[in-house]
Amino acid sequence: MATNDASGKDADSSWVLVVLAWLPVTLPLLWGIWQTVKKAAVLFR
Amino acid sequence: MAGLLSRERTVARPGYNRWLVPPAALAIHLSIGVAYGFSVFWLPLSRAIGITEPVPCHADMGFFEQLITGACDWKISELGWMYTLFFVFLGSSAAVFGPWVERVGPRKTGVVAAVCWSSGFLISALGIHLHQIWLLWLGSGVIGGCGLGLGYISPVSTLIKWFPDRRGMATGMAIMGFGGGAMIGAPLADILMRHFATPTSVGVWQTFVTMGVIYFITMMAGAFGYRVPPPDWKPAGWTPRAKQTSMITAGNVHVSRAWRTPQFWFLWMVLCMNVSAGIGVIGIASPMIQEIFGGRLLGATGTLQQLTPEQKVQLASIGAGFAALLSLSNIAGRIGWASFSDYIGRTRTYLVFFALGFVLYAMAPSAGQTGSVTLFVVLFCVILTMYGGGFATIPAYLADIFGTQYVGAIHGRLLTAWSTAGVLGPVLVNYIREYQIDRGVPTAQAYNVTMYVLAGLLIIGLICNLMVKPVDPRYCMTAEELAAARALQAGQRA
């Protein structure tokens, strides 16, 4: 039973939803990584 | 409300995009992952009464009096117990409540985790306001620790069922979040504490309240974002290999039987040895690089003890930078190695961790003696990728060996290895170092024996990994048992 078969308009809208769902977790994570990179940069000065 | 949280309400509709599940898991793991960064609170909390300087307790004040006194400040060693409690209660709650998690599903588990984790923050805020350290231990350590355990295992089973074709990558994404949580939480806490600080307050209790609310909202969003696949769902166009590889079972082992198999205990040792070695290094990373290289890190000569106070401040900053670089390696390893394990297999992945890890730990003293900071930093970055990779690959390894039906609960029981390693690794590293220094070994060389001992732990892990063979079919559930278990999960009478 394969149900990951969204097609056409439904599939497009589901991928928009995927992007919207990933943004609130990706942006803070990238901010956190950036803060850590800045801290780690001291090592290379 | 109970209906809204029930497993049957979370079954995905046809056409549901499985890529919506990892962000829900990440929301939970990024929230609980701040536990790794709690040390950001220790210094401000150690002067919660004195504000600018800690107010020491009278020498004759007893232990219990110090627990409830509002007259003197807490010691960092007392606050550090919160950290120990986190990991003890993470492992024990995951082990005890694992079967319940499998039964009720990820949403109810996520909600309970959110309530425990955020109420831990609120109880701790009250403890700081009233200056009662036992409230911090109870709130963040015990109740928050239970939230950690439940939150950590909540998405594992669900992700593995949604991504049967990429089990390692799926769990790697979530567990990467746990590693990344401190990267967001620690600087956020720092910003909030500076915002709330006044001449009469260090601003920590207000920070705890704010973070408790933020994490509650984030975790609830994650919990309500969880969806479980319908039974026997598989991705479109994907068919399981007609011939199962010998290390990937087609059966399912019940959680109550799994821990009676030798495979469970070999994997327990695999995780424990990998984590003990890595956690030992994390704890000493900052002082280690400063003591080994001393003035060379600043382009000067002399050991750490011979430097000026200004140079020592600069060195501390470099030490913190090294620790930050190791954190980045840790999260890169979580997603990288776990995804790679989908291609080379779980046994080979751990073989690389232990064999390569052994070589790198054994090389570390030589790298220190040659004076090559770059080589030393690269060695430890690779070691830390394998530490993170070990955490992120273990759920997929368990699913390969024991099947997917109870993988979340079995993973929960296996996390007791983490709790054990959380005590074993730092104790081993610290005692060996102190023993060396007491025997007159220069501080720059006091880590050499430690590295060889950690390399020895990896050899034990390597042997245990090689001992993992497919589970005897007599431990697998019968078709009737599996049907009954699924009916129970679906809320039907079996």
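Residues numbered from 1 in each chain as written. Chains lettered and ligands numbered in written order. Predicted model: local features only at pLDDT ≥ 70, side-chain atom pairs only at ≥ 80, totals over all residues.

Considerations on the overall build of chain A
Now for step 1: From N to C terminus, chain A includes 1 helix and 0 strands.
Now for step 2: Taking all 45 residues of chain A together, the buried fraction comes to 22%. (Helix = DSSP H or I, 4+ residues; strand = E, 2+ residues; numbered from the N terminus. Buried ≥ 20, exposed ≤ 12 C-beta atoms within 10 Å, placed from the backbone.)

Notes on the overall build of chain B
Now for step 1: Helices and strands together make up the secondary structure of chain B, namely 20 helices and 0 strands.
Now for step 2: Whereas a compact globule of 494 residues would reach a radius of gyration of roughly 23 Å, chain B reaches 23 Å, a difference of no more than 12%.
Now for step 3: Dimensions of chain B along its principal axes, counting C-alpha atoms only, are 70 × 50 × 40 Å.
Now for step 4: Counting every position in chain B, which comprises 494 residues, the buried fraction comes to 52%.
Now for step 5: Sequence separation of at least 24 residues holds for 83% of the intrachain contacts in chain B that already meet a minimum separation of 6. (Rg over C-alpha atoms; globule rule 2.2 N^0.38 Å. Contact = placed C-beta atoms within 7 Å.)

Comments concerning the interface of chain B and chain A
Now for step 1: Each partner contributes residues to the interface: chain B has 32 residues there, and chain A has 27 residues.
Now for step 2: Taken together, the elements giving at least two residues each to the side of chain B that touches chain A come down to helix H2 (21-32), helix H10 (167-196) and helix H14 (309-344) of chain B.
Now for step 3: With 9 residues, H14(B) is the largest single contributor of residues to the side of chain B that touches chain A.
Now for step 4: The residue makeup of the side of chain B that touches chain A, split by class, is 22 nonpolar, 7 polar and 3 charged. (Nonpolar A, V, L, I, M, F, W, Y, C, P; charged D, E, K, R; others polar.)

Digging into the environment of B:Gln436
Residue and element names in this part refer to chain B.
Now for step 1: In this structure, Gln436 sits in helix H18 (residues 416-438).
Now for step 2: On the basis of neighbour count, Gln436 is assigned to the partly exposed category, with 18 C-beta atoms found within 10 Å.
Now for step 3: The residues contacting Gln436, other than those within four sequence positions of it, are Val441, Ala446 and Val449.

Details of the nonpolar core
Now for step 1: Formed by 157 residues in total, the largest nonpolar core has its most connected members in B:Leu271, B:Leu398 and B:Phe402.
Now for step 2: The residues touching B:Leu398, leaving out its near neighbours within four places in the chain, are B:Leu267, B:Val407, B:Ile410, B:His411 and B:Leu414. (Core = buried A, V, L, I, M, F, W, Y, C linked by C-beta atoms within 7 Å.)

Observations concerning the confidence of the model for chain B
Residue and element names in this part refer to chain B.
Now for step 1: In the predicted model, chain B carries a mean pLDDT of 91, and the fraction of residues at 70 or more is 98%.
Now for step 2: Ranking the elements of chain B by mean pLDDT puts helix H1 (residues 2-5) last, at 80, and helix H11 (residues 204-225) first, at 98.
Now for step 3: Quick note on the complex model: pTM equals 0.90, ipTM equals 0.88. (pLDDT = per-residue confidence, 0-100.)

Let's talk about unusual backbone geometry
All names here are of chain B.
Now for step 1: With a phi angle near 55°, His131 is a residue other than glycine that sits in the positive phi range.
Now for step 2: Positive phi is not limited to glycine here, since Asp232 has a value of about 65°.
Now for step 3: Within the secondary structure, Asp232 sits in the loop between H11 and helix H12 (255-258).

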